[in-house]
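Coordinates in review
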Amino acid sequence: MGSVSSTRVLKMPITREAVDQIIASDKVVIFSKTTCPYCKMAKEVFDKLKQSYTAIELDKRDDADEIQDILGEITGARTVPRVFLNKEFIGGGTDVKKLYESGELAKKL
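In this convention, every chain numbers its residues from 1, walking through the sequence in written order. At least 70 in pLDDT is required for a residue's local features to be given in this predicted model, at least 80 for side-chain atom pairs to be given and counted, and no such filter applies to totals for whole chains, interfaces and linings, which use all residues. With hydrogens and water set aside, each side-chain value is computed from the structure's full complement of heavy atoms.

**Structural notes on the pattern of salt bridges**
Rules: One speaks of a salt bridge when a side-chain nitrogen belonging to Lys or Arg is within 4 Å of a carboxyl oxygen belonging to Asp or Glu. In DSSP terms, a helix is any run of H or I states spanning at least four residues, a strand is any run of E spanning at least two, and both are numbered starting from the N terminus. Only protein chains enter the area calculation, which uses a 1.4 Å probe; residues under 20% of their type maximum are buried, those over 50% are exposed, and those in between are partly exposed.
Using the criterion set out here, one finds six salt bridges in the structure. For the salt bridge of Arg16 with Asp20, the shortest nitrogen-to-oxygen distance reads 3.3 Å. Residue Arg16 and its partner Asp20 are located together in helix α1 (residues 16–24), separated by four residues, close to a single helical turn. By relative accessible area, Arg16 is classed as partly exposed at 36%. One salt bridge connects Lys43 with Glu57, and the closest N-O pair in it is separated by 2.7 Å. Remark: Glu57 occurs in strand β2 (residues 54–57) and Lys43 occurs in helix α2 (residues 37–48); sequence separation between them is 14 residues. This pair shows no difference in class: Lys43 is buried, exactly as Glu57 is.

In structure tokens:
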């Protein structure tokens, strides 16, 4: 008699603490999807300001729904983009563009 061994990969659910760590990992963190025009708008603003950022591309992740649920708890909505500056939620694509156009975003940086 032999023994049968199999390897199972357990998917660890993402936690609020893990999302908080992602948000704290960079000055600017954008939760995004690669096909979203509002996400592209937000990233272009930071590109124009020559401000580096971390983009978490949710459409490339298996845990996107869980992350969006947590972002919904944190920000009040699960839509993307969800943009954080110095760990503070500053809005979505349109919000970021308005902050940029008013000069307020540059002041916050």
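After that view of the structure, there is still more to cover.
**A word on the side chain of Thr75**
Condition: Any pair of nitrogen or oxygen atoms within 3.5 Å is treated as a polar contact; in protein, a donor-acceptor pairing is required on top of that, and neighbouring residues in sequence qualify only through side-chain atoms on both sides. The contact criterion used is simple: two residues touch if any of their non-hydrogen atoms lie within 4.5 Å.
Structurally, the position occupied by Thr75 is in helix α3 (residues 64–75). For Thr75, a relative accessible area of 18% puts it in the buried group. Within the local environment of Thr75, its side chain forms a polar contact with the side chain of Arg82, the two groups lying 3.0 Å apart. Other than its neighbours up to four places away in sequence, Thr75 contacts Arg82, Phe84 and Phe89.

**Section: α2**
Just so we agree on the cut-off: Multiply 1.5 Å by the residue count of a helix minus one, and that product is the helix's expected span.
For α2, built from twelve residues, the straight-helix expectation of 16 Å at 1.5 Å per residue is met to within 8% by its first-to-last C-alpha distance of 16 Å. Listed as buried for α2 are Cys39, Met41, Ala42, Lys43, Val45 and Phe46. The first or second residue beyond α2 is Lys50, which carries a positive phi of 55 degrees.

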